Amino acid sequence: MGLYEFFYEYFVLPIKENEGYNPVNTLVYAIILGIAVLILYKMLKRMGIKVDERFFKALMPYIVLGPLMRSMTDVGILPRTYLTVSPGGYFVIAAFAIASLYAVWRHVGPTEKLYPLYRDFGLVLDGGLLFILLINIEKVNFNWKVLTYFIPILIAAELFIWLLTRKFKLIKDNSILFYTHFYDATTTFVGLQFFGFWEQHVLARWLMGVFGTPAVMYLEKFLILLPVVWILDREMKEEDPDLINFVKLTIFILGFGPGTRNLLIMLMGGG
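Residues numbered from 1 in each chain as written. Predicted model: local features only at pLDDT ≥ 70, side-chain atom pairs only at ≥ 80, totals over all residues. Heavy atoms only, no water.

Caption draft 1: Quick look at the packing of aromatic side chains. For the structure shown, the criterion picks out 15 aromatic pairs. Seen in terms of ring centroids, F55 and Y118 are 6.5 Å apart; in terms of plane orientation they differ by 10 degrees. Their pairing is stacked. Within this pair, whereas F55 is found in helix 3 (residues 53-74), its partner Y118 is found in helix 5 (residues 114-135), the two being separated by 63 residues in sequence. Of the two residues examined, F55 and Y118, each falls in the buried class. (Phe/Tyr/Trp six-rings, centres within 6.5 Å; stacked < 30°, edge-to-face > 60°. Helix = DSSP H or I, 4+ residues; strand = E, 2+ residues; numbered from the N terminus. Buried < 20%, exposed > 50% of the residue type's maximum accessible area, 1.4 Å probe, protein only.)

And the structure:
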């Protein structure tokens with residue numbers, strides 16, 4: 001198999017045929033993500049931007065942008081191309097987020113003005129997509145029944161995390177990450193269990209095959225997240241806090257983004 005055939009089979013065809021992820025592209029995308037995190041962290045350090053609550057709030061509109069674009073693609077409002085589905089869509093959103101941050105930074109520097117201005121750039125982008133959604137609303141077949149399953153199951157899942165925060169400091173200190181990834185697991189569980197959706201990721205598909213239920217997503221999330229936050233908080237506590245915060249921000253995005261995408265796709269009648 002030549003290089004072109006290899007790339008086409010493992011990277012192009014899965015997107016073209018909507019086949020989800022495979023072990024090869026999963027590994028490559030994970031490596032790219034790891035490299036990107038380090039590069040972006042170093043870029044923020046050079047720009048004098050701290051990864052704190054101000055930055056997190058300013059970044060939220062861009063985090064919402066990806067799920068919104070993907071759900072609009074799935075219902076046929078946006079064309080299905082490499083640039084509008086994962087992972088290409090996330091590269092596009094990342095490019096917008098980085099370009100906007102750089103433009104704002106060049107204008108005001110790493111001052112207090114940067115954060116609201118950067119947030120507003122993202123809100124404008126969100127507003128543009130929402131406008132496109134509004135003028136194409138006839139293409140959306142809203143399914144509010146999703147909420148009758150999603151809300152009670154989410155409450156039960158998040159209550160479980162809340163109970164753990166009462167007993168374990170490590171989970172309490174990282175509760176936002178556990179809450180977010182159980183939110184993601186809930187959207188996956190509801191979509192697969194009640195609405196005939198399918199799982200794109202290799203490990204999750206394998207675990208569901210072994211255990212016979214999408215509920216295993218909660219176990220997968222917990223068993224992956226727990227050692228990760230242990231390493232970040234215990235083994236890497238001497239590292240730069242900005243690096244730790246940026247890694248945690250990335251983990252948050254990896255839960256909130258897919259979870260919100262899943263929820264929007266279900267509500268908008270996509271699949």
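Caption draft 2: Molecular detail of the layout of surface pockets. The computed volume of the second largest pocket comes to approximately 280 Å³. Along its surface, the second largest pocket is lined by 14 residues, and F56, I176, N245, K248 and L249 are the ones closest to its centre. Within the residue set of the lining of the second largest pocket, elements represented by two or more residues are helix 3, helix 7 (169-173), helix 8 (175-194) and helix 11 (241-267). Broken down by element, the lining of the second largest pocket gets its largest block of residues, four residues, from helix 11. A class-by-class count of the residues in the lining of the second largest pocket yields six nonpolar, three polar and five charged. (1 Å grid on protein atoms, 1.4 Å probe; cavity = no way out; pocket = protein on both sides within 12 Å on 5 of 7 lines; lining within 4 Å. Points joined across faces, edges and corners; volume = space filled by probe spheres on them. Nonpolar A, V, L, I, M, F, W, Y, C, P; charged D, E, K, R; others polar.)

Caption draft 3: Fine view of the packing of helix 8 against helix 10 (residues 216-235). At a minimum axis separation of 9 Å, helix 8 and helix 10 run at an interaxial angle of 160 degrees. It follows from the interaxial angle that helix 8 and helix 10 lie roughly antiparallel. Here the hand of the crossing between helix 8 and helix 10 comes out right-handed. Contacts between helix 8 and helix 10 involve L177, F178, H181, F182, D184, A185, T186, T188 and F189 on the former and, on the latter, M217, Y218, K221, F222, L225, L226 and V229. Broken down by class, the residue content of the contact of helix 8 with helix 10 amounts to 11 nonpolar, three polar and two charged. (Axes fitted to C-alpha atoms, helices over the stretch in contact; angles between N-to-C directions. Parallel < 35°, antiparallel > 145°, perpendicular 65-115°, else oblique. Left-handed = near helix turned anticlockwise from the far one by under 90°. Contact = heavy atoms within 4.5 Å.)

Caption draft 4: Layout of the packing of helix 9 (residues 202-211) against helix 10. Orientation of helix 9 relative to helix 10, taken along the N-to-C sense of each, is 125 degrees, at an axis distance of 9 Å. The orientation of helix 9 relative to helix 10 falls into the category oblique. For the pair helix 9 and helix 10, the crossing hand works out as right-handed. Mapping the contact onto sequence places L203, A204, L207, M208 and F211 in helix 9 and V216, M217, E220 and I224 in helix 10.

Caption draft 5: The arrangement of the pattern of salt bridges in detail. One pass over the structure, following the stated rule, counts 11 salt bridges. Salt-bridge contacts for K45 lead to D240; the nearest nitrogen and oxygen are separated by 2.8 Å. Separated by 195 residues along the polypeptide, K45 in helix 2 (residues 23-47) and D240 in the loop between helix 10 and helix 11 bring together distant segments of the chain. The partly exposed category is assigned to K45, whose relative accessible area is 40%. Here D74 and R70 are joined by a salt bridge, their closest N and O atoms 2.9 Å apart. Placement of the pair is D74 and R70 together in helix 3, with a separation of four residues, close to one helical turn. Given a relative accessible area of 6%, R70 falls into the buried group. Through salt bridges with shared partners, one network takes in K45, K50, D240 and D242. (Salt bridge = Lys/Arg side-chain N within 4 Å of Asp/Glu carboxyl O.)

Caption draft 6: Broad picture of the environment of K45. Counting along the chain gives 197 residues from K45 to D242, while the straight-line C-alpha distance between them is 8.4 Å. Residue contacts for K45: discarding those within four places in its chain leaves D240 and D242.

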